[in-house]
Amino acid sequence: MEVFHSTDEGVRKADVIMTLRLQLERQSRGFLPSFEEYFKLYGLTTDRLKLARPGALVMHPGPMNRGIEIESAVADGPQSVILEQVTNGLAVRMAVLYLLAGVKK
């Protein structure tokens, strides 16, 4: 694993960029100075995506906070596999729980 100290460094030459959901319902205590600053520092924008390798995939577990975690143009763009990820995520979680429950045939 490699540690980066800026989002731009981390995105540079990436094949896949996985953004995470900021749980706004847990932000009432002011852990962030502002959503605008968060987006500036960590949000996945069109310009930031250009730092990645051509054709790099964009992922996000959903639901998205557009304009805070990810720019709409990126979320809806040709490199986004977010809808497929969200659709398949439920089936994968169900399969893992089934296996962990130790259900016998």
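Predicted model only: the values in this text are computed from it and were never measured. (Residues numbered from 1 in each chain as written. Predicted model: local features only at pLDDT ≥ 70, side-chain atom pairs only at ≥ 80, totals over all residues. Heavy atoms only, no water.)

### Focus: the environment of Lys-13
In step 1: Here Lys-13 lies in the loop between α1 (7-11) and β1 (16-18).
In step 2: What makes Lys-13 exposed here is its relative accessible area of 57%.
In step 3: Discounting residues that sit within four places of it in the chain, Lys-13 has contacts with Leu-51, Ala-52 and Arg-53. (Helix = DSSP H or I, 4+ residues; strand = E, 2+ residues; numbered from the N terminus. Buried < 20%, exposed > 50% of the residue type's maximum accessible area, 1.4 Å probe, protein only. Contact = heavy atoms within 4.5 Å.)

### Here we look at unusual backbone geometry
In step 1: Pro-63 follows Gly-62 through a cis peptide bond whose omega is -15 degrees.
In step 2: Tracing the backbone shows Pro-63 in the loop between β2 (57-59) and α4 (72-75).
In step 3: Unusually for a residue other than glycine, Lys-13 sits at a positive phi of about 65 degrees.

### Quick notes on the nonpolar core
In step 1: Val-11, Ala-14, Ile-17, Leu-44, Leu-49, Ala-52, Ala-56, Val-58, Ile-70, Val-74, Ala-75 and Ile-82 form the largest nonpolar core, which has twelve residues in total.
In step 2: Apart from the residues lying within four places of it in its own chain, the contact partners of Ile-70 are Thr-19, Phe-39, Leu-44, Val-58, Met-64, Asn-65, Ala-75 and Ile-82. (Core = buried A, V, L, I, M, F, W, Y, C linked by side-chain atoms within 4.5 Å.)

### Description of the environment of Asn-65
In step 1: Checked against the element boundaries, Asn-65 lands in the loop between β2 and α4.
In step 2: Relative accessible area serves as the criterion here: at 14%, Asn-65 is assigned to the buried category.
In step 3: Sequence separation between Asn-65 and Leu-24 is 41 residues; the distance between their C-alpha atoms is 8.5 Å.
In step 4: Within the structure, the side chain of Asn-65 is placed 2.8 Å from the backbone oxygen of Leu-22, a separation counted as a polar contact. (Polar contact = N/O pair within 3.5 Å; in protein donor to acceptor, adjacent residues only side chain to side chain.)

### Comments concerning helix α5 (residues 82-100)
In step 1: Between its first and last C-alpha atoms α5 spans 26 Å; for 19 residues at 1.5 Å apiece the expected length is 27 Å, and the two agree.
In step 2: The sharpest bend along α5 reaches about 30 degrees and sits at Gly-89.
In step 3: Within the sequence span of α5, burial applies to Ile-82, Gln-85 and Gly-89.
In step 4: In this structure, the buried residues of α5 make contact with β1, β2 and α4. (Expected span 1.5 Å × (residues − 1). Bend = angle between axes of the 7 residues up to and from the residue.)

### Description of the packing of aromatic side chains
Ring pairs (aromatic) are described by centroid distance and by the angle formed between their planes.
In step 1: A full pass over the atoms with the stated rule returns one aromatic pair.
In step 2: Ring geometry for Tyr-38 versus Tyr-42: centroids 5.1 Å apart, planes at 50 degrees, classification tilted. Here Tyr-38 and its partner Tyr-42 are both found in helix α2 (residues 35-42), four residues apart, which amounts to about one turn of the helix. (Phe/Tyr/Trp six-rings, centres within 6.5 Å; stacked < 30°, edge-to-face > 60°.)

### Examining the side chain of Thr-19
In step 1: Note that Thr-19 resides in the loop between β1 and α2.
In step 2: When residues no more than four places from it in sequence are discounted, the contact partners of Thr-19 are Leu-44, Met-59, His-60, Pro-61, Glu-69 and Ile-70.

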